[in-house]
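# A closer look at the structure
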Amino acid sequence: THLTELGASADDRTYVATCDSSTGPPKTLGSLEILSHASMEAFSWGKTKCWDTIRYKTMAEAEFVQQCLDMLNVTSVLDKDMLADETCGPSPCDDVTKAAYSSYTEVAQWLNCWEVSDYAKDFGDIPVDEIEAAVRLRMRKLKLVQTKKLLKLK
């Protein structure tokens, strides 16, 4: 597994930090949070202690989770090549070596990036089916229109 490649396992109390371009220690970003089973268990058992100790009401969820895990003595490993993010490691959406792309807060931007990355994926000599990709894009656009209509009705 990927954790094993990073020198950890699902049994270790470990999370993956994906950004090291900021000041301070490497951090995890909300667009891609990776926790081992053991670290998730530690968080589940210790989150009340974290709520009582950390001033979390003004921080992002990912920042709270990381501070909580650190407080609970969960270790981190760094994989700075996994996430494409404007603040840590920008990369175009057709860079298929990335597991996630951030930050796309608008639906249209996210869908566009997803389509570019889906189109660019490389399976050796098997070409991406352009017709299938066009149909999927059209279906997503139709679902988005339908969702917007449903939201207006409520």
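Residues numbered from 1 in each chain as written. Predicted model: local features only at pLDDT ≥ 70, side-chain atom pairs only at ≥ 80, totals over all residues. Heavy atoms only, no water.

On to the overall build of the chain, then. Each helix and strand in the chain was counted, giving five helices and five strands. Helices and strands appear in the chain in the N-to-C order α-β-β-α-α-β-β-β-α-α. Total accessible area on the chain stands at roughly 10500 Å², and carbon and sulfur atoms take up 56% of it. (Helix = DSSP H or I, 4+ residues; strand = E, 2+ residues; numbered from the N terminus. Areas by Shrake-Rupley, 256 points an atom, 1.4 Å probe, with all protein chains shown as cover.)

This paragraph deals with the packing of aromatic side chains. Summed over all chains, the structure comprises two aromatic pairs. Centre to centre, the rings of F43 and F64 are 6.3 Å apart; their planes meet at 75°, and the pair counts as edge-to-face. Linking F43 in helix α2 (residues 37-53) with F64 in helix α3 (residues 61-71), this pair joins segments that are 21 residues apart in sequence. Grouping residues by exposure puts F43 and F64 together as buried. Consider the rings of Y56 and F64, whose centres lie 5.5 Å apart with planes at 55°: the pair is tilted. Chaining the aromatic ring pairs together yields one cluster made of F43, Y56 and F64. (Phe/Tyr/Trp six-rings, centres within 6.5 Å; stacked < 30°, edge-to-face > 60°. Buried < 20%, exposed > 50% of the residue type's maximum accessible area, 1.4 Å probe, protein only.)

A separate point is α2. For α2, built from 17 residues, the straight-helix expectation of 24 Å at 1.5 Å per residue is met to within 8% by its first-to-last C-alpha distance of 23 Å. Along its length, α2 shows its largest kink, about 60°, at G46. Turning to α2, its buried residues number three or more, namely A38, S39, A42, F43, G46 and C50. Where α2 is buried, its residues touch β1 (14-17), β2 (34-35) and α3. (Expected span 1.5 Å × (residues − 1). Bend = angle between axes of the 7 residues up to and from the residue. Contact = heavy atoms within 4.5 Å.)

The strand order across the open sheet built from three strands is β2-β1-β3, with neighbouring strands paired in mixed fashion. Pairing within the sheet leaves two strands with one partner each, and these edge strands are β2 and β3 (75-78). Sheet topology places β1 next to β3; four bridges connect them, and they run parallel. By the bridge assignment, V16 is partnered in β3 with V77. (Pairing = 2+ DSSP bridges.)

Before going further, it helps to examine the packing of α2 against α3. Where α2 contacts α3, the two axes come as close as 9 Å, and the packing angle between them is 100°. Regarding the angle of α2 to α3, the classification is roughly perpendicular. The segment α2 lies against α3, with S39, F43, G46, K47, K49, C50, W51 and T53 engaging F64, V65, C68, L69 and M71. (Axes fitted to C-alpha atoms, helices over the stretch in contact; angles between N-to-C directions. Parallel < 35°, antiparallel > 145°, perpendicular 65-115°, else oblique.)

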